[in-house]
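Per-entry structural report
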Amino acid sequence: MDTQIWHTVQPCTFCGNDRISGGGKRGVRPVAGLQSAVARLYRCILFMAPYWPAETIGYMPVMGPGALYMSYITGNVTNLRMPATVGTINSLGIKPNTDACHTMAIIACGASVITTVAIVAIGVVVAAPLSPVLNSPTLQPAFDYVVPALFGGLVAQTILKGKKQFGFYLVPLAVCLVCCYFTPISGAYYMLIAIAVS
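Given the structure is predicted, the values throughout are model-derived calculations rather than measurements.

Regarding the overall build of the protein chain
- When helices and strands are counted, the protein chain shows 11 helices and 0 strands.
- Listing the helices and strands of the protein chain from first to last along the sequence gives α-α-α-α-α-α-α-α-α-α-α.
- By residue count, 22% of the 198 residues in the protein chain fall in the buried class.
- For the protein chain, the share of sequence-separated contacts (at least 6 apart) that also reach a separation of at least 24 residues comes to 44%.
- A total accessible area of about 13900 Å² is found for the protein chain, and carbon and sulfur atoms account for 72% of it.

Here's what the structure looks like:
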């Protein structure tokens, strides 16, 4: 793969090409590899820099300092902690940036953390004895369809909610189908192409 394309697609990869991971091989000094890694780290920081203050500024009025601290310590703020907090606050009809809002945000984030830890613990305990069954060749085709099934369910739900914007979903779908059947592009890039087109 061309190194320029690789750096564009994955700016945070530190060992993405053989010039860095090879070190002394092929006549490249390790210092050059370190400089390249630092340059990639710099690109990654520049790419992510707008998100850091935006998340902090956007989350603080809803979550408050306590829930925000708990969310940053446990992780997955955008996917788990913030939706749990917003759902709780909306269902109770509490105004953002009030003491009641911040108190309920702490309770909602705490419940989300406990639920996440409990589900992961149950999954580990249950999956350990089932490992031979889950790795059997007869079940492998089912696991190949897990990601398309998840994306299909999410897209179908989104389309059904906004029926007027149905045409906007056809263009990325058409582009992905063309890329899938008529080009040698790897399937890993379909999502990037669909996002760029939409």
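Quick look at helix H5 (residues 77–92)
- Helix length check: H5, at 16 residues, gives a terminal C-alpha distance of 21 Å against a target of 22 Å (1.5 Å per residue), a fit within 8%.
- The principal kink in H5, of about 25 degrees, is found at Pro83.
- Those residues of H5 that fall on the buried side of the exposure criterion are Val77, Arg81, Met82, Thr85, Thr88 and Ile89.
- Residues of H5 that are buried sit in contact with helix H4 (51–74) and helix H6 (99–127).
- Looking one or two residues beyond H5, the residue adopting positive phi is Gly93, at roughly 70 degrees.

What to know about the side chain of Arg81
- Looking at the secondary structure, you find Arg81 in helix H5.
- Residue Arg81 is classed as buried on the basis of its relative accessible area, which comes to 3%.
- Here Ser112 takes part through its side chain, which lies 2.7 Å from a polar atom of the side chain of Arg81.
- Dropping the residues within four chain positions of it, Arg81 is found in contact with Met63, Ser71, Thr74, Gly75, Asn76, Cys109, Ser112, Val113 and Thr116.

A closer look at the side chain of Thr85
- Assignment of secondary structure puts Thr85 in helix H5.
- A distance of 2.8 Å separates a polar atom in the side chain of Thr85 from the backbone oxygen of Arg81.
- Not counting the four nearest positions on each side in its chain, Thr85 is found in contact with Val62, Met63, Ala105, Ala108 and Cys109.

Let's talk about the nonpolar core
- Formed by Tyr59, Val62, Met63, Ala67, Leu68, Val77, Met82, Ile89, Ile94, Cys101, Ala105 and Cys109, the largest nonpolar core amounts to 12 residues.
- Elements with a contribution of two residues or more to this core: H4, H5 and H6.
- Here the element with the most residues in this core is H4; it accounts for 5 residues.

Some words on helix H10 (residues 166–182)
- For H10, which comprises 17 residues, the first-to-last C-alpha distance of 24 Å matches the rise-based estimate of 24 Å (1.5 Å per residue) to within 8%.
- Among the residues making up H10, those that are buried are Pro172, Cys176 and Cys179. One side of H10 carries all its buried residues, which in axial view fall inside an arc of 60 degrees. Looking at H10, the residues exposed on the side facing more than 90 degrees away from the buried face are Tyr181 and Phe182.

Quick notes on unusual backbone geometry
- Here the phi dihedral of Asn76 falls at roughly 60 degrees; this positive angle occurs in a residue that is not glycine.
- Counting through the fold element by element, Asn76 comes out in the loop between H4 and H5.
- On the accessibility criterion, Asn76 (39% relative accessible area) is partly exposed.
- The backbone of Asn97 shows a phi angle near 60 degrees, a positive value even though the residue is not glycine.
- Its place among the elements puts Asn97 in the loop between H5 and H6.
- The exposed category is assigned to Asn97, whose relative accessible area is 53%.

Thresholds, definitions, all that
Residues numbered from 1 in each chain as written. Predicted model: local features only at pLDDT ≥ 70, side-chain atom pairs only at ≥ 80, totals over all residues. Heavy atoms only, no water. Helix = DSSP H or I, 4+ residues; strand = E, 2+ residues; numbered from the N terminus. Buried < 20%, exposed > 50% of the residue type's maximum accessible area, 1.4 Å probe, protein only. Contact = heavy atoms within 4.5 Å. Areas by Shrake-Rupley, 256 points an atom, 1.4 Å probe, with all protein chains shown as cover. Expected span 1.5 Å × (residues − 1). Bend = angle between axes of the 7 residues up to and from the residue. Polar contact = N/O pair within 3.5 Å; in protein donor to acceptor, adjacent residues only side chain to side chain. Core = buried A, V, L, I, M, F, W, Y, C linked by side-chain atoms within 4.5 Å. Arc of directions from axis to C-beta.

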